[in-house]
Structures are given as structure tokens and as C-alpha cells.
Amino acid sequence: MIRTTMAAGPPRPGTLRADEPPGERPRGLPVVALVLVAGIASLPLLMPFGLPPGPGNTGLPDLVLVVLAVTTLLWAASLGVPVRWPFLVPTLLTVVAGGIAAVVNDVGPLTLVKDLFVLLWAVSLANLGRDPRLLRVALRAWVCAGVFSAVLMLAGFVTGQDALSGKQPDGERLQFTFGDANYAANWLICALFIARATRFPETAWRRWAVCAVLIAAELLTGSNGGVLALVLATVAGGLWRMVREGRAHHAVAAGCLVTLLGGGAVAALSQVDVQPYLDRASAASPVLRDSIGRSTGESAESRGTVTGTTLRMIREQPHPWGIGPAQTEARTLENQEAYVREAHNDYIAAVLERGFLGGIALIVLVFLLLLRCVRIARPGPRLAPEYARLVPRPELFGALVVVFLVSGLFYEVLHYRHGWAFFGLIAAVESFGRRPEATR
């Protein structure tokens, strides 16, 4: 996929530079940028104004994606450059696995169309990232959209306007327009890490203010899994930065210390009855009641039951092809299980619904994501100057992938539209942003 050139040779074909003469700049760039901003701004607007989702769980971002994908194809054609399809192999593996499972179990193939459709987010952003100016627009638009949604959530929470905050009807957790508090938490964490990776805003105090707003809104979502993923990804980003700066021995020592402290804390908590303390915290604040107050008791019990049920369903499968895409909830209802829910785990869902081929597809996707992150964040000057200025801390892109890997243990994050859009940003930097000598 990546063309190689000699270090002293010309840039790779189709790669645009910020220092190109004005006469060589592609036409229609403002229009493309406008469509790109609209696409990213639509990502958190799944159910604006409380509107229910459309047929097949579609929403405003899907409509905007069609416009964005067509614009991307026309823009690439006007430049005479090939369209890159990042993550096509694992997506096709997923579709093939789901197709076989759908035929074997005689279920509908609608989910397979969705798998290909969300891939267009990655394809569009990866190809538009060929131009550093458009990548800059995408990164800044993402941070601005994240901050704007966080401000609306906080304003709605303070003023009691549930239409702004998206407060759950049966609780205090905020979900904005996502319809799911965990979905909203993941979106805010993405905006946080992209802001830190790009160091936007440039002024330090403004950047810290942006981070504070995003973290405050994330905490109000009450997502325990989001908090855990945020902490682990922050640690991973710090260790990776030490390695990039040539302090690998410091990273090893710090990693061992964190592991020791984390393991000791888990061991200590397992020996101490923390429920009275959680009850006190829950009584002090409704937000704490719906967040850490759920870490034990009914919430933990229900999640453990769902995990045990889905693992048992995998063992009882008469064939290796899975029960069919998005069939976990229907199958648990048919079996009259205690909890009728989706798998709430990407790893279990991949194998349960699409069989061993689905598991292989997920492994390939994770491998490609981590490989691209390593390529852009290895020690040394790996990125071309125009891309290095846009993403001065590329290791935080890898840390954000850790967020998805950890969150996949608690939710099915591979359905998140903004997740695939972020994967496209990684592909853009890795495909077009690396120095020529780093691609050999």
C-alpha cells in the first residue's frame, strides 16, 4: 500500500505538500473542507432534539457520510490519484464471516451492509488526509466538535435542560444525543486525546481548559469503563513518550512500578469490603450513584451474567460459523436467558456472532491499527515536517487505540462511527505523513 522512494528523491505520487505553489493547489479545496467539517460535526448528532433513529438505526451522520464519500471520490479523481482503502482486508473478512453465519442461520444480511458503510468513514478521512491542509481541518474540527458537545452537556446539566445534556430518563448519566452514555464517553475521550496529540489549541492554558471541559463532561456520563480506559491509555501514552524520547529504560521501570501499584491495589480491594464506602458515595451524589455506585451490585452482576451467558453460547455452538450478525439479543430472548442484551464485548461478539473467521478478522484489524501507530510513533523523526507540525505527539494516537481496545471489553465499540473516522486519521498520517526514508 505504501510506495517507497529514495530519501533524496521526489515526494511520493499523489502526496500534497503545504509548500506547493498556489497554481498547483487543487481546485475546490474550500468546498471539500466544508464538507469535511460538516461530516465530523455530525458524528455526535445521532439523535438530535430527541429524535429516534431512522430505519436500520441510521442517523444524520450516515446521510452526511454519503455526501462526504462522494466528495472524496470526486476530489481524488480531480487530482488523478488512487483512492486508498485502509482496513479493507479485515472489513472484508468480517463481511465474509458474517455472510457465512447469516446463510447458515438464515438471518438477514443488513448488518453486513453496515460493516462496509462505516468503513467509508476511514476511507474518506484517510484519503482527504493526503493534503496536510485538509488533515489540519479535520483534526481541529474534531477538537472543536468535541468541546462544543461537552459545553452543551455541561450547560444542560447545570441548568437542568435535559434536551441539551441528554440525561437518562431513569438516571443521572449524561448521553448527549448518542442515546448511550458509554458512546458519549468514548466520543469525548477521542476529542481529548486528539487535542493532546495535536496540541490544539496552541496556547497551553487554553489547551488545559479544553482538556478540563472534556474530562468534566466525560465524568458526568458515569461510564466506569470509560474512566478505566482513560487511565490506562494515559499511562500507555506516557510510557510510549518515554520510549520515543530515548528513555526506554525509564519506560520499563515506570511500567513495572505502575503494574506493581495497580496489582497491589486490585489485591487490596479484593480483601476489603468497599461496598459501604460506595454506598456512602452514592448517597452523596446522584452522579456518583449512577457511576461508581454501579461498579458492584446489580450492574456488575448483570454484566457478569451476560458474559457468562455469551461464553456458554460459544461453547454450545454446533458449528464454527457463529449465530449470525447482531443475533445475540434475539438468541438470548429465544433461550429465555436471565438478561436479554447484546454481547457488550467486541471480542466475544466477534466470535459468537461470526465464528472463528470473525475472531480472525478482529485480530487482523487490531494488528493493522497497532502497526500503523508504531510506524508513526517510533523513536526518531518519522513524520514529514508538515505532518509532524499537525501531530507533534503521534504516540497519543496509539494511546487512543488502547482506549478502544479496553472499551471493547465492556461495549461493542466497533459499531461507533467516530471510531472508524479516527482509524481513518491514523491511516492518513501513516500513509502520507511518513518521511520517505521511513517507508523503506
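Residues numbered from 1 in each chain as written. Predicted model: local features only at pLDDT ≥ 70, side-chain atom pairs only at ≥ 80, totals over all residues. Heavy atoms only, no water.

Participant: Any chance you could explain the overall build of the protein chain here in plain terms?
Facilitator: Looking only at helices and strands, one finds 18 helices and zero strands in the protein chain. Going through the 440 residues of the protein chain one by one, you find that 47% of them count as buried. Taking as baseline every contact in the protein chain between residues at least 6 positions apart, the subset at least 24 positions apart corresponds to 78%. (Helix = DSSP H or I, 4+ residues; strand = E, 2+ residues; numbered from the N terminus. Buried < 20%, exposed > 50% of the residue type's maximum accessible area, 1.4 Å probe, protein only. Contact = heavy atoms within 4.5 Å.)

Participant: How should I be thinking about the environment of L125 in this particular structure?
Facilitator: Tracing the chain through its elements places L125 in helix α4 (residues 110-128). Residue classification places L125 among the buried residues on the basis of a relative accessible area of 3%. Every residue in contact with L125, bar those within four places of it in the chain, is listed here: L36, L68, W142, A421, G424, L425 and A428.

Participant: Would you mind showing me how to read the nonpolar core here?
Facilitator: Here is a general trend for soluble globular proteins: nonpolar side chains tend to be buried in one another's company. In terms of nonpolar packing, the biggest core is built from 86 residues, with W142, F397 and F422 touching the most fellow members. The dominant element in this core, judged by the number of residues it contributes, is helix α7 (residues 181-198), at 12 residues. (Core = buried A, V, L, I, M, F, W, Y, C linked by side-chain atoms within 4.5 Å.)

Participant: I keep staring at a nonpolar patch on the surface and nothing clicks. Help me out?
Facilitator: Together, I215, L219, V227 and V231 line one region of the surface with nonpolar side chains, adding up to about 300 Å² of accessible area. As for its position among the elements, L219 is in helix α8 (residues 204-220). (Patch = residues over 30% accessible without salt bridge, like charges linked within 9 Å, V, L, I, M, F, W, Y side chains within 5 Å. Areas by Shrake-Rupley, 256 points an atom, 1.4 Å probe, with all protein chains shown as cover. Salt bridge = Lys/Arg side-chain N within 4 Å of Asp/Glu carboxyl O.)

Participant: Can you walk me through helix α9 (residues 224-244) in this structure?
Facilitator: Owing to its 3.6 residues per turn, the α-helix aligns residues three or four sequence positions apart on the same side. In a regular helix each residue adds 1.5 Å, so 21 residues correspond to 30 Å; α9 covers 30 Å between its end C-alpha atoms and thus fits that length. Within α9, burial applies to G225, G226, A229, L230, A233 and G237. Viewed end-on, α9 has its buried residues packed into an arc of 125°, placing them on one side of the element. After α9 finishes, the residue G246 shows a positive phi value of roughly 80°. (Expected span 1.5 Å × (residues − 1). Arc of directions from axis to C-beta.)

Participant: What is the right way to look at the packing of aromatic side chains in this model?
Facilitator: By convention here, two paired aromatic rings are described through the distance between centres and the angle between planes. The full count for this structure, using the stated rule, is 13 aromatic pairs. When the ring of F404 is compared with that of F422, the centres are 6.1 Å apart and the planes differ by 10°; the resulting orientation is stacked. Of this pair, F404 sits in helix α17 (residues 395-407) while F422 sits in helix α18 (residues 417-432), and the two are 18 residues apart along the sequence. The same class applies to F404 and to F422, which are both buried. Taken together, F87, F397, F404, W420, F422 and F423 form an aromatic cluster joined through their ring pairs. (Phe/Tyr/Trp six-rings, centres within 6.5 Å; stacked < 30°, edge-to-face > 60°.)

Participant: Sorry, what's going on with helix α1 (residues 29-42) here?
Facilitator: Here α1 spans 20 Å end to end across 14 residues, near enough to the 20 Å set by a 1.5 Å rise per residue. Of the residues making up α1, those classed as buried are L29, V32, A33, V35, L36, G39, I40 and S42.

Participant: Looking at this structure, I do not really get the packing of α17 against α18. What am I missing?
Facilitator: A pair of packed helices is captured by two measures, namely the crossing angle of their axes and the spacing between those axes. Running from amino to carboxyl end, α17 crosses α18 at an angle of 150°, the nearest separation of the two axes being 11 Å. What the angle tells us is that α17 and α18 run roughly antiparallel. Seen along the crossing, α17 lies across α18 with a hand that is left-handed. Facing F397, L400, V401 and F404 of α17, the residues of α18 in contact are H418, G419, F422, F423, L425, I426 and V429. (Axes fitted to C-alpha atoms, helices over the stretch in contact; angles between N-to-C directions. Parallel < 35°, antiparallel > 145°, perpendicular 65-115°, else oblique. Left-handed = near helix turned anticlockwise from the far one by under 90°.)

Participant: What am I meant to see in the pattern of salt bridges here?
Facilitator: Once their charged atoms are close, side chains differing in charge can pair, the charge on each being opposite to the other. With the rule as written, the count across this model stands at 12 salt bridges. Between E245 and R241 there is a salt bridge; the shortest N-O distance is 3.1 Å. In this structure, E430 and R434 form a salt bridge, with 3.4 Å as the shortest nitrogen-oxygen distance. Judged on exposure class, the residue E430 and its partner R434 are both buried. Three or more residues joined by partner-sharing salt bridges are found here, namely R372, R375, E430 and R434.

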